[in-house]
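Here are the chains, one letter per residue:
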Amino acid sequence: MSYYRPIVQTDPAARPEGAQRLAGGWTWFDRLERIERGGDRSLVAPEAVPPAILARLTAPRAAIAGVTVDRPRLMGIVNVTPDSFSDGGRFLAPDAAVAQARALVESGAAILDVGGESTRPGSGVVPAGEEIARTAPVIRALAACGIAAPLSIDTRKADVAREALTCGAGIVNDVAALSYDPEMISLLAGTGAALCLMHAQGDPATMQDAPCYDDVLLDVYDFLAERVARAEAAGIARARIVVDPGIGFGKTVAHNLALLRGLALFHGLGCVVLLGASRKRFIGTLGGGAADADADRRLPGTIAVTLAAIAQGVQLHRVHDIVELAQAVRLWRATTLGDET
């Protein structure tokens, strides 16, 4: 099997005749890297790519829960938890979570992701009832006030997702990619909700215990391809599926970097791509200084990684610091694409 990674370009003035627009977005390509397992790599023209794969690479992506993705979009994180790695406990009270959510939307978040179970390395399972008690009041209050952003529930449990959808959520962000709760796939097949499938090796309690891959980029791609196919077979349209390579979930620093360098490969799944790298440990490890031990000091690294991903056409970015990231994205678009809107 061959894999095809577009060599993504961003300069509108340099785009030659016949270049392909990537996923209907703001980037383009006129060459691809053909990758074989075992290490063989070569550059090929779009005409050498199987038509079905080229069609998935170039087809414009459908809106996710009403949010168009013809430009980079930010997903604001609302952790209703006492132990999340970066902001655990700050927004545990429903009033605090609602206030934070409103502030994120006012600052530029296009989607809000509400979670009641920490999935940081080493964390344990939160009972579904407790997770519902944390998240449902927040989602219900946000939906009732007519907040101008669709709501996502960050959970791997069908009971939590069901309650969140009842309260007004329109997206389920499943960090287990339908592998934790067998009822999740049938629940989502019976709704019109969007679904995010994230790759993780192992569960949060053990995922950083010596993670290992044959080829991390291709292994994660194959995992997500199989998960997308399974969801599609159950009646969940590919157009409402988002894929996430799962930075930091069962990966070493080297694994994370390999995925970040190869992000454009995931457009071949024909889905919107989401990146969740905000404040992750590898940013502190590589950035050094105070950021190594303090997640709050990882904003510059988060901006750097986010802009690098945007340059590869990644549409959604799950971040903590909306004000700063929104400013960075606006300036990147203005200076790189000439788009000042």
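Source: prediction; values computed, not measured.

Focus on the overall build of the protein chain
Within the protein chain, the secondary structure is distributed over ten helices and 13 strands. Taking 20 Å as the expected radius of gyration for a compact globule of 341 residues, we find that the protein chain reaches 19 Å, a close match to that expectation. Judged by the C-alpha coordinates and their principal axes, the protein chain covers about 55 × 40 × 40 Å. Out of the 341 residues in the protein chain, the part that is buried amounts to 54%. When contacts within the protein chain are restricted to residue pairs at least 6 apart in sequence, those whose partners lie at least 24 apart make up 68%. Accessible surface, the protein chain as shown: approximately 13400 Å² in total, 52% of it carbon and sulfur.

Things to note about the sheet that holds strand β11 (residues 241-244)
Hydrogen bonds between backbone groups are what pair the strands of a sheet, and the pairing can be parallel or antiparallel. The eight strands lie next to each other as β6-β7-β8-β9-β10-β11-β12-β13, forming a closed barrel whose pairing is parallel. Ignoring strand direction, the axes of neighbouring strands in this sheet form an average angle of 25 degrees. Of the pairings in the sheet, the one linking β11 to strand β12 (residues 272-275) comprises two bridges and is parallel in character. Its bridge partner being in β12, Val243 is matched across the sheet by Val273.

Some thoughts on the environment of Asp219
Assignment of secondary structure puts Asp219 in helix α6 (residues 216-233). C-alpha of Asp219 to C-alpha of Leu257: the two residues are 38 residues apart in sequence and 14 Å apart in space.

What counts, and at which threshold
Residues numbered from 1 in each chain as written. Predicted model: local features only at pLDDT ≥ 70, side-chain atom pairs only at ≥ 80, totals over all residues. Heavy atoms only, no water. Helix = DSSP H or I, 4+ residues; strand = E, 2+ residues; numbered from the N terminus. Rg over C-alpha atoms; globule rule 2.2 N^0.38 Å. Buried < 20%, exposed > 50% of the residue type's maximum accessible area, 1.4 Å probe, protein only. Contact = heavy atoms within 4.5 Å. Areas by Shrake-Rupley, 256 points an atom, 1.4 Å probe, with all protein chains shown as cover. Pairing = 2+ DSSP bridges. Axes fitted to C-alpha atoms, helices over the stretch in contact; angles between N-to-C directions.

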